[in-house]
Amino acid sequence: MTNAQQGPAARQAAMAEQVLADGTATAADLAERFGVSLMTIHRDLDELERQGIVRKFRGGVTAQPSGVFESNVQYRLKTMRAEKAAVAARAVQSIEPGMAIMLDDSTSTLEIARILRHGDLTPLTVVTNFLEAITLLADQRGIHLMALGGDYDPLHSSFLGVSCVEAVQSLRVDVCFASTSAVHGGYAYHQEQHIVSVKRAMLDAAARNVLLIDHTKLDRTALHRVVPLSRFDLVLVDDGAPDQALRELDEHKVRYEVCATKGGGHDPAGAV
């Protein structure tokens, strides 16, 4: 079956896969690739935007984040992997066997879960609302996994909402590892209010908080303030961070560490 003969749902799924892989695309390129009219492409893109998978701009579409749009988890899983691995490797140095830790639903803290699969820090209790992390750690010996319930959000692959917040509030952990979409002026920001409420509850439930960010988050803002950076005992960022952004952290008396990235090279855009 050719692209032009596909039904709308199949074509939209293929289109979403391409945009998530490439990060951005023009409507004209998509029309040529899928063999349909520009009018049809724009209807498809309207539907993908309605679903929250992409956002439209004049002449095209993108999966990259903005101040009001958080990228789909499938896009975030592909971006800034080396940078996220670098900050995660430093983060696990603060984990000791016997601890209870909390991981938010960010792909940055997912790199911590990948390291924990090696089993070098057990016994360990891990609390998370991120389905990707739950899947990674579900069969890991020595890890007591506590999955936070709530309303499942497929765009974030996580459990959110009031019931998730209430579950978090009933716990107390040693360390919470979290990430966010943007950091500016001494504050952490995120695009979506229902994500913010869960992150705040997680930070309140921990004796110590660590923020993991890649350098693309610095000097950016999003719609909602999460918390001041003073709420974090440590901020970890990769070595792609520009000097000006680091000076801003210094000005706000933020305790941070710059983590060396292996392999070099940076992906085009970061996401939580």
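Now for a look at the structure at hand. (Residues numbered from 1 in each chain as written. Predicted model: local features only at pLDDT ≥ 70, side-chain atom pairs only at ≥ 80, totals over all residues. Heavy atoms only, no water.)

1. Here we look at the side chain of Gln 12
So, step 1. Mapped onto the fold, Gln 12 is located in helix α1 (residues 8–22).
So, step 2. Accessibility expressed as a relative area gives 12% for Gln 12, which makes it buried.
So, step 3. Ignoring any residue separated from it by four or fewer positions in sequence, one finds Gln 12 in contact with Asp 44, Glu 47, Leu 48 and Gln 51. (Helix = DSSP H or I, 4+ residues; strand = E, 2+ residues; numbered from the N terminus. Buried < 20%, exposed > 50% of the residue type's maximum accessible area, 1.4 Å probe, protein only. Contact = heavy atoms within 4.5 Å.)

2. Here's the deal with the sheet that holds strand β4 (residues 100–103)
Sheet strands associate in pairs through backbone hydrogen bonding, adopting either a parallel or an antiparallel arrangement.
So, step 1. Pairing within the open sheet is parallel, and its seven strands lie in the order β6-β5-β4-β9-β12-β14-β15. Two strands lie at the open edges of the sheet, namely β6 (143–147) and β15 (256–259), each paired on one side alone. Across the sheet, the mean angle from the axis of one strand to that of its neighbour is 20°, orientation sign disregarded.
So, step 2. The pairing of strand β12 (residues 206–213) with strand β14 (residues 234–238) spans four bridges and is classified as parallel. Residue Leu 212 lies in a different strand from β14, and its bridge partner there is Leu 236.
So, step 3. Strands β9 (173–178), β12, β14 and β15 of the sheet are contacted by helix α5 (residues 81–91), whose axis makes an angle of about 145° with β14.
So, step 4. On top of the sheet, helix α6 (residues 107–116) reaches β4, β5 (124–128), β6, β9 and β12; it is set at about 140° to β4, its chief contact. (Pairing = 2+ DSSP bridges. Axes fitted to C-alpha atoms, helices over the stretch in contact; angles between N-to-C directions.)

3. A word on the sheet that holds strand β10 (residues 182–184)
So, step 1. A sheet is described by the order of its strands in space; here three strands give the open sequence β10-β11-β13, paired in antiparallel fashion. Unpaired on one side and paired on the other, β10 and β13 (224–228) mark the two borders of the sheet. Here the strands of the sheet are splayed against their neighbours by 35° on average, with no regard to which way each runs.
So, step 2. Two elements, strand β11 (residues 187–190) and β13, share four bridges in a ladder whose sense is antiparallel. Each residue of the ladder has a partner; that of Tyr 187, found in β13, is Pro 228.
So, step 3. Contacting β11 and β13, helix α9 (residues 193–204) crosses the sheet at an angle of about 10° to β13.

4. Let's talk about the pairing of β11
So, step 1. Sheet topology places β10 next to β11; three bridges connect them, and they run antiparallel. Its bridge partner being in β11, Ala 182 is matched across the sheet by Tyr 189.
So, step 2. A loop of two residues connects β10 with β11, the two strands running antiparallel in sequence, and Gly 185 in this loop sits at a positive phi of about 60°.

5. Looking at the environment of Arg 117
So, step 1. Tracing the backbone through its elements, the reader meets Arg 117 in the loop between α6 and β5.
So, step 2. Classification of Arg 117 as partly exposed rests on a relative accessible area of 34%.
So, step 3. Spatially, the C-alpha atoms of Arg 117 and Val 173 are 20 Å apart, while their sequence positions differ by 56 residues.
So, step 4. Each residue touching Arg 117, except ones within four places of it in the same chain, is listed here: Leu 136, Leu 137, Asp 139 and Gln 140.
So, step 5. A polar side-chain atom of Arg 117 sits 2.4 Å from the main-chain carbonyl oxygen of Leu 136.
So, step 6. Among the polar contacts listed, one links the side chain of Arg 117 to the side chain of Asp 139, at a separation of 3.2 Å. (Polar contact = N/O pair within 3.5 Å; in protein donor to acceptor, adjacent residues only side chain to side chain.)

6. What about the pattern of salt bridges?
So, step 1. For the structure on display, the rule yields 11 salt bridges.
So, step 2. We note a salt bridge from Lys 56 to Asp 46, for which the minimum N-O separation is 2.8 Å. Pair noted here: Lys 56 is in strand β2 (residues 55–57) and Asp 46 is in helix α3 (residues 38–50), with a separation of 10 residues, a long-range link.
So, step 3. Using a relative accessible area of 41% as the deciding quantity, one classes Asp 46 as partly exposed.
So, step 4. For Asp 139, the salt bridge goes to Arg 117, with nearest N and O atoms at 3.2 Å. Here Asp 139 is found in the loop between α7 (131–137) and β6, whereas its partner Arg 117 is found in the loop between α6 and β5, with 22 residues between them in sequence. (Salt bridge = Lys/Arg side-chain N within 4 Å of Asp/Glu carboxyl O.)

7. Points about α9
So, step 1. Its 12 residues give α9 an end-to-end C-alpha distance of 17 Å, which sits within 8% of 16 Å, the value for a rise of 1.5 Å per residue.
So, step 2. Taken together, the buried positions of α9 are Ile 195, Val 196, Val 198, Lys 199, Ala 201, Met 202 and Leu 203. (Expected span 1.5 Å × (residues − 1).)

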